[in-house]
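Residues per chain, in single letters:
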Number of protein chains: 2
Amino acid sequence: MKDQILVVHGGGPTAVINASLYGVIQEAARHPEVAVYGAVGGVDGIFREAWIDLLQQPEEQLQRLPWTPASALGTSRTKLLAEDYQQIVSILKRNNIRYLLFNGGNGSMDTCGKIQELASAHGIQVLGIPKTIDNDIAVTDHCPGYGSAARYLATSVAEAAQDVQALPIHVSIIEAMGRNAGWIAAASALARRRAGMAPHLIYLPERPFHPEEFLEDVDRLHKELGGVVVVASEGLVNADGRPIVEPLLTKGRDVYFGDVGTHLAVLVMKELGIKARSEKPGILGRASIALQSAVDREEAIRVGEFAVQSLLEGKTGYMVGYRRVSDEPYSCETVLIPLAEVMLNERKMPDRYINARGNDVTDEFLSYCRPLIGEALPRFSELR
Amino acid sequence: MKDQILVVHGGGPTAVINASLYGVIQEAARHPEVAVYGAVGGVDGIFREAWIDLLQQPEEQLQRLPWTPASALGTSRTKLLAEDYQQIVSILKRNNIRYLLFNGGNGSMDTCGKIQELASAHGIQVLGIPKTIDNDIAVTDHCPGYGSAARYLATSVAEAAQDVQALPIHVSIIEAMGRNAGWIAAASALARRRAGMAPHLIYLPERPFHPEEFLEDVDRLHKELGGVVVVASEGLVNADGRPIVEPLLTKGRDVYFGDVGTHLAVLVMKELGIKARSEKPGILGRASIALQSAVDREEAIRVGEFAVQSLLEGKTGYMVGYRRVSDEPYSCETVLIPLAEVMLNERKMPDRYINARGNDVTDEFLSYCRPLIGEALPRFSELR
């Protein structure tokens, strides 16, 4: 009987989870002693013992994986209770699953660590594969999924900037995902071909939002340029740490937050009398294949391959991560990070990446982020 | 002295105005007796007598035009008064401008017609080049800019559908541009690879919106599928013809409408207790180059070329338009349409393109729209 690997997806989709899955399948296929299965619908698929044989899929479907957004296996946000971890280990044992690969964000790495603690006594090895557009997993240089979300936003902001500059009559507020960390919003700064270009202002949840400073900055920029482009993280907080928009509705565990972009656009119109509008690409920004980062995709594949190699070398209790060797030329190596170091340890933007006024990023951040979005953004025509 | 063409952009940007500009420049360059200028900042550029010599631009900048969104000349939404038209003609005459090309939407075609009525006495020829993502100009089969906005939305909805299906816990409302006409929202139906796939519901401003039917449909689909994708036009109206969201703020001529997407998401959460969210790509959807339709771009170039050819053949008082020859294989020819037939004659979706319940489009619409978005959308991996 072959040694069985089970792959599980957890948490919100990205543009490259399926690229990691592709890497796992490709590497497994190189080892005749290994079989690889995918849990259908995330951790719920383990409880239902619902999985599919990934080596038996049509080649055409496998080859499309790196260019398929979201999760081809399905994922979940199921909150696990203490007794669930033991049950998962029992299911794995009963089905002779020797290797568990858990591909997810902070919550999934926590789950992964808890399963591993129980599983090791049964000879079951567990590794985590990181995945989050939010880039908020600790220790690793960055997370698969972030580079693509960053490329999406930087490109979209560069294009919106052309629009706003061509008809310079309004303030456009673009809302970025990332409720607790501003990594995605920050990446929009890569849209600038020269200093002073859009985005003109960038607001991150790592800094309290001061409406009076915001209005002062917008007013000045509007007088100077006509059209102003602002990028705001969906998770902006006031000086007292509370969200700047009240939740519109709360239903059990689900909160519908008001839109930060709309809130700021209304503020600009009301207080400054300047035409404003908001754009909120939302989940489109984590699902775009046209704006996927090639670096992100290739790295995500590599992480999947490395995870399988590490399992077969007997490794357990780690998350695969990146260690940066150099910014330029860009080079990152794949490493193993003990799960205990990353479990639920949310990483926010460090101070050195944010400017003093809290309305922009620093050059150091740009050096960090630039290689992750892949090739340079397209240049646009400039007539004079 | 050369015969001088002046190109003017009017109204909101699209992904292919600059492609039409490229066509104008390329065609003009083929005629040594012609010079071509671009008004800077739309019709305001005429009043300021601010224009640039388009044959003197660096080749690199010209070659980028078809892949540059918005307007490389700048555009405006300036409302013209009766006396302005005469002044424009005086300025053209004083500067020996023989040919005027006005590239814009319904408002611009109206302007174009009014200038032409006064200009013909002075031997000045005037032609319109259509341009609008809204696809609401009369007589022409479609408008340059629409195919790209349609491709953007269809692709984005197909990708969001992957996301919602992978984590099927919520209703995602995607708001589409098009305040009075539903052409863009309708195009999202091209995201479906099979019947029954997302978008599950499509709402257009051509039909009154009935909240109770909407909630009934969402509830049924949620029970069946878990994740539901709804596309809603920003201009939805109630049975009495008023917008379903009250304007949040009115400042002079500027109205900040509340977001239809947010409104519907809140309705779903409040009335059905189902998690919901909204996405509103807004101006990103008219500026995307990665999702530009190749058919739209090539046709936009051809329209620019044809406009110059028509001017040199002595034509005046027309808008360049498309006449469809066949859906499959797709073929459209470029024709001249008298400006009087299109001036401010807004075209909405005809009844035959909308289903009986008013929550979807018909196959006839799909046959109309499919060729306009260019090559087929990418296929995604499906594992089983």
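Residues numbered from 1 in each chain as written. Chains lettered and ligands numbered in written order. Predicted model: local features only at pLDDT ≥ 70, side-chain atom pairs only at ≥ 80, totals over all residues. Heavy atoms only, no water.

- Looking up chain A in an unreviewed UniProt entry gives the name Pyrophosphate--fructose 6-phosphate 1-phosphotransferase, with the organism given as Hydrogenispora ethanolica.
- Per UniProt, the comment on chain A under Cofactor (unreviewed entry) is "Mg(2+)".
- Listed under Subcellular location (unreviewed entry) in UniProt, the entry text for chain A is "Cytoplasm". (UniProt positions renumbered as here; feature names shortened; annotations may be inferred.)

### Focus on the confidence of the model for chain A
Now for step 1: This prediction gives chain A a mean pLDDT of 96; 99% of its residues lie at or above 70.
Now for step 2: Here the complex is predicted with pTM 0.98, and the ipTM for its interfaces comes to 0.97. (pLDDT = per-residue confidence, 0-100.)

### Things to note about the domain arrangement of chain A
All names here are of chain A.
Now for step 1: Looking at the assigned domains, one finds that chain A contains domain 1 (3–144 + 293–341) and domain 2 (147–288 + 350–370).
Now for step 2: Computed over C-alpha atoms, the centres of domain 1 and domain 2 are 32 Å apart.
Now for step 3: Taken together, the contacts link 19 residues of domain 1 with 15 residues of domain 2.
Now for step 4: With both sides pooled, the region where domain 1 packs onto domain 2 buries about 1300 Å², and carbon together with sulfur makes up 50% of that total.
Now for step 5: In this assembly, domain 1 and domain 2 are joined by zero salt bridges.
Now for step 6: Counting across the interface, domain 1 meets domain 2 through seven residue pairs in polar contact (both at pLDDT 80 or more). (Domains from an automatic or database assignment. Contact = heavy atoms within 4.5 Å. Buried area = accessible area lost by both parts, 1.4 Å probe. Salt bridge = Lys/Arg side-chain N within 4 Å of Asp/Glu carboxyl O. Polar contact = N/O pair within 3.5 Å; in protein donor to acceptor, adjacent residues only side chain to side chain.)

### Some details on the pairing of strand S1 (residues 3–9) of chain B
Residue and element names in this part refer to chain B.
Now for step 1: Burial runs high along S1: six of the seven residues are buried.
Now for step 2: Here S1 runs beside strand S2 (residues 34–39); their pairing, made up of five bridges, is parallel. Looking at S2, one finds that Ile5 is bridged to Val36.
Now for step 3: The sheet contact formed by S1 and strand S4 (residues 97–104) spans six bridges and is parallel. Following the sheet pairing, His9 is matched in S4 by Asn103. (Buried < 20%, exposed > 50% of the residue type's maximum accessible area, 1.4 Å probe, protein only. Helix = DSSP H or I, 4+ residues; strand = E, 2+ residues; numbered from the N terminus. Pairing = 2+ DSSP bridges.)

### Here we look at the side chain of Gln4(A)
Now for step 1: With respect to the secondary-structure elements, Gln4(A) resides in strand S1 (residues 3–9).
Now for step 2: Since its relative accessible area comes to 10%, Gln4(A) is described here as buried.

### Let's talk about the relation of the copies chain B and chain A
Now for step 1: With an axial shift of 0.0 Å and an RMSD of 0.0 Å, the rotation relating chain B to chain A amounts to 180 degrees. The superposition of one copy onto the other is thereby described by a two-fold rotation axis.
Now for step 2: Here 100% of the interface residues in chain B have copies in chain A that are interface residues too; the copies meet face to matching face. (Least-squares fit on C-alpha atoms with pLDDT ≥ 70 in both.)

### With respect to the UniProt feature "active site" (unreviewed entry) in chain A
Residues and elements named next belong to chain A.
Now for step 1: If you check UniProt for "active site" (unreviewed entry), the listed places come out as Asp134 in our numbering.
Now for step 2: Tracing the backbone shows Asp134 in the loop between strand S5 (125–130) and helix H6 (146–166).
Now for step 3: In this structure Asp134 comes out as partly exposed when scored by relative accessible area, which is 24%.

### Notes on the nonpolar core
Generally speaking, soluble globular proteins have nonpolar side chains that are buried together.
Now for step 1: If you look at the biggest cluster of nonpolar residues, it comprises 90 residues, and the most contacted ones within it are Tyr146(A), Met349(A), Phe365(A), Tyr146(B), Met349(B) and Phe365(B).
Now for step 2: Apart from residues no more than four positions distant in its own chain, Met349(A) is found in contact with Gly182(A), Trp183(A), Ala186(A), Leu204(A), Glu206(A), Ile354(A), Val361(A) and Phe365(A). (Core = buried A, V, L, I, M, F, W, Y, C linked by side-chain atoms within 4.5 Å.)

### Concerning the pattern of salt bridges
Now for step 1: Tallying each qualifying case throughout the model produces 52 salt bridges over all chains.
Now for step 2: Arg194(B) serves as the salt-bridge partner of Glu382(B), at 2.9 Å between the closest nitrogen and oxygen. Of this pair, Glu382(B) sits in the segment after helix H13 (363–369) while Arg194(B) sits in the loop between helix H7 (183–187) and strand S7 (201–203), placing them 188 residues apart in sequence.
Now for step 3: With a closest N to O distance of 3.8 Å, Arg297(B) and Glu298(B) form a salt bridge.
Now for step 4: The class for Glu298(B) is partly exposed, based on a relative accessible area of 45%.
Now for step 5: Through salt bridges with shared partners, one network takes in Glu216(A), Asp217(A), Arg220(A) and Arg357(A).

### Points about the interface of chain B and chain A
Now for step 1: The interface is formed by 69 residues belonging to chain B together with 69 residues belonging to chain A.
Now for step 2: With both chains or domains summed, chain B and chain A bury close to 5800 Å², and 64% of this area falls on carbon and sulfur atoms.
Now for step 3: Run the count over chain B and chain A and you get two salt bridges.
Now for step 4: At the level of secondary structure, the elements contributing two or more residues to the side of chain B that touches chain A comprise helix H3 (59–64), helix H6 (146–166), strand S6 (171–176), strand S9 (247–251), strand S10 (254–257), helix H9 (260–272), strand S11 (276–279) and helix H10 (284–287) of chain B.

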